[in-house]
Amino acid sequence: MQKPTALVIGAGIGGIATAARLAKNGYDVTVLEKETTPGGRCNQIVRDGHRFDIGPTLFLMPEIWEETFASLGERMSDHLELRRIDPTYKVHFDDGLQLELTSNLGDMQTQLERVDKTAFTGFLNYIAEGSKHYKMSVEKFVGRNFYNIFEYFSMGNLPLLFQLKALKKHYANTSRFFKDERLKAAFTFQNMYLGLSPYDAPATYSLLQYTELAEGVWYPIGGMYAGIQALTSIAEKLGVKFLYQTPVKKMKEERGKIKAAITEDGREFTADIFIGNADLPYIYKELLPKNNEAKKLENKLYTCSTIMFYWGVDKEYPQIGHHNVFLGGDYKASFDQIFNDHTLPDVPSFYVHAPARTDKAAAPEGQETLYVLVPVGHLDARSEQDWEALVHRARETVFTRLAKEMGAEDLREHIKFETVYQPKVWKERFNLEKGAAFGLSHNFWQVGYLRPQNRHKQYHNLYFTGASTHPGTGLPIVLLSARLTTERILKEKGTIAVQNLNYAVGQA
Ligand SMILES: Cc1cc2nc3c(=O)[nH]c(=O)nc-3n(C[C@H](O)[C@H](O)[C@H](O)COP(=O)(O)OP(=O)(O)OC[C@H]3O[C@@H](n4cnc5c(N)ncnc54)[C@H](O)[C@@H]3O)c2cc1C
């Protein structure tokens, strides 16, 4: 019997994982990727012995990764050597307070009680709530498809939405647990991993702090890209064909179905089903025939963008830990400037990644590989920014704080080379709408059934996988997206037996 064919547009983690799952379930799969290598936002830069992950640096929710490998007939431990990073990261406040977030409860107690006598009890309660949110979200919302609105707003689900505090704001909710403003910041800035402001994000996202401290922040030896390499080689073993440097220019429709993907060089690729992994709003706007949905998507809320510095440094700075967060200025004002004014805050906060602390091979002997992420607003035609000037100001802020607070006074002189990413790069190289580094936002109106669904409403042979469809952004969540999209395809196309698709938290 001839196998059904699937064409995936984009070899980000969502595209790779969906392609592998479909191949495992009997599809003949081809992936078209515009870049020379797979990975998308989870790609890497390798230069002069320095290895940088481009985007993700925190390997979270390992059991979701484990389930992906298991569904492909593999064991994660045969492919990835994970190291737990604990303390997860050091948070530096600009008044001199430093906190090392750790799963060691004794250490947490000492540090928190130094700030406020009641803070440790608040912390335990906060993590307990985060645990409830995590388990409930994955089982009831994030880890399943909603085929219609009645399933989402069902009598069973409505009380759960309240229990998950989906309508409460994350920052406001932390007041129940912490009095000190710095602690509220220390336990909400993680929303930035999803490109969200804690003043807008649902309180549900306390699940992030729970997963970090209880389930751990991990790092795969070889970098986050090791995860991409492992999944790509498994996909290839299952028969998936990857065609690189093959950007898709348009998708052709015929009698209410997608008929072909046409590449920049004019080739036409036909298939039974198509899966868009490139950013969903970009697919609607640029690849599909003219449609009203594209305009609607443009008006949705988007995550923030980032200015990135990738520095190859010819000196080691052992005082810089693996993950470092520097918070500055007025916390609320800085989010307003990012999310309302779409710019760089007056006093920018930032994150520094020094992977050679854990994995020596990330930098040449005695040298340093530094990745700096500065959250900024996404591109907004109504508020044009002088990005060159903002990049300059961001760089100076980082130098000043690393000199003052980490004793890295001579860092500037030891930078051998620098690569800079800013919102225009995210847009132009990765085709991310508005240069929003994490894709569509996740407020109440853009999650669950209300998020763009993983199948096109009109073209029933066009599916989506990745950060801007259900369930959302972040590597493990995109791995869930791959599972849900595959599950939907197998259910709707009904051609092949559904395998390995039963999953609940902790059941890897
Ligand atoms: C700076 C940064 C830090 C992050 N940190 C973390 C973290 O620590 N932990 C975490 O879990 N997540 C993190 N994330 C989020 C995570 O990287 C993303 O959610 C995830 O990588 C998205 O994967 P994806 O498959 O949806 O999309 P992408 O990675 O964007 O993949 C889409 C692919 O489609 C290709 N493509 C686009 N247009 C075309 C076309 N026309 N034709 C062919 N191919 C095309 C692109 O080249 C790309 O390879 C971070 C993201 C960023 C940007």
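Located above this text is the structure these notes cover.
As the structure is a computational prediction, the values presented were derived from the model and not from experiment.

S.K.: Describe unusual backbone geometry, with residues and values.
M.R.: Put simply, Asp86 and Pro87 share a cis peptide bond, and its omega is 0°. Checked against the element boundaries, Pro87 lands in the loop between β5 (82–84) and β6 (89–93). A cis geometry characterises the amide bond from His470 onward to Pro471, with omega recorded as 5°. Inspection of the secondary structure puts Pro471 in the loop between β19 (462–464) and α16 (475–493). Its identity as a non-glycine residue notwithstanding, Asp48 has a phi of 45°, on the positive side. By the element assignment, Asp48 lies in the loop between β3 (44–47) and β4 (50–53). Overall, the relative accessible area of 53% leaves Asp48 in the exposed class. The phi torsion at Asn431 lies on the positive side, around 55°, for a residue other than glycine. Overall, Asn431 belongs to the buried group, its relative accessible area being 18%.

S.K.: Mind laying out the pairing of β3, listing which residues take part and the relevant values?
M.R.: As paired elements, β3 and β4 share 4 bridges and run antiparallel to each other. When the bridges of β4 are listed, Arg47 appears paired with His50. Where β3 folds back onto β4 in an antiparallel hairpin, the turn is made up of 2 residues, including Asp48, whose phi is positive at roughly 45°.

S.K.: Before we move on, could you go through the pattern of salt bridges and cite the residues and values that matter?
M.R.: The tally for this structure, following the rule as stated, stands at 35 salt bridges. The salt bridge involving Glu100 is made with Lys90; its shortest N-O contact spans 3.9 Å. With Glu100 in strand β7 (residues 98–101) and Lys90 in strand β6, this pair connects stretches of sequence that are 10 residues apart. For Glu100, a relative accessible area of 33% translates into the label partly exposed. Salt-bridge contacts for Glu405 lead to Arg401; the nearest nitrogen and oxygen are separated by 2.8 Å. With Glu405 and Arg401 both in helix α14 (residues 387–406) and 4 residues apart, the pair spans about one turn of that helix. Salt bridges linked by common partners bring Lys285, Lys295, Glu298 and Glu433 together as one network.

S.K.: How would you explain the state of the cysteines if you had to name every residue and give the values?
M.R.: In total, this model carries 0 disulfides according to the counting rule given. With no disulfide of its own, Cys42 lies closest to Cys304 among cysteine sulfurs, the gap being 17 Å. For Cys42, a relative accessible area of 3% gives the class buried.

S.K.: Requested: an account of the packing of aromatic side chains, with residues and values cited.
M.R.: Tallying each qualifying case throughout the model produces 33 aromatic pairs. Residues Phe146 and Tyr152 carry aromatic rings whose centres are separated by 4.9 Å and whose planes lie at 75° to one another, so their mutual orientation is edge-to-face. For Phe146, a relative accessible area of 1% translates into the label buried. Here the aromatic rings of Tyr310 and Tyr421 are separated by 5.3 Å at their centres, their planes lie at 80°, and the arrangement is edge-to-face.

S.K.: Can you lay out the site of the ligand for me, pointing to particular residues and giving the numbers?
M.R.: Near the ligand lie 37 residues; those nearest to it are Glu33, Arg41, Tyr282, Gly474 and Leu475. Across the complex, the protein chains shield 98% of the 1000 Å² of accessible surface that the ligand would expose by itself. When contributions to the shell around the ligand are tallied by element, the ones reaching two or more residues are α1 (13–24), β17 (368–376) and α16. Sorting elements by how many residues they give to the shell around the ligand places α16 first, with 3 residues. Across the shell around the ligand, the residue classes tally to 20 nonpolar, 13 polar and 4 charged.

Calculation criteria
Residues numbered from 1 in each chain as written. Predicted model: local features only at pLDDT ≥ 70, side-chain atom pairs only at ≥ 80, totals over all residues. Heavy atoms only, no water. Helix = DSSP H or I, 4+ residues; strand = E, 2+ residues; numbered from the N terminus. Buried < 20%, exposed > 50% of the residue type's maximum accessible area, 1.4 Å probe, protein only. Pairing = 2+ DSSP bridges. Salt bridge = Lys/Arg side-chain N within 4 Å of Asp/Glu carboxyl O. Disulfide = S-S within 2.5 Å. Phe/Tyr/Trp six-rings, centres within 6.5 Å; stacked < 30°, edge-to-face > 60°. Near = heavy atom within 4 Å. Areas by Shrake-Rupley, 256 points an atom, 1.4 Å probe, with all protein chains shown as cover. Nonpolar A, V, L, I, M, F, W, Y, C, P; charged D, E, K, R; others polar.

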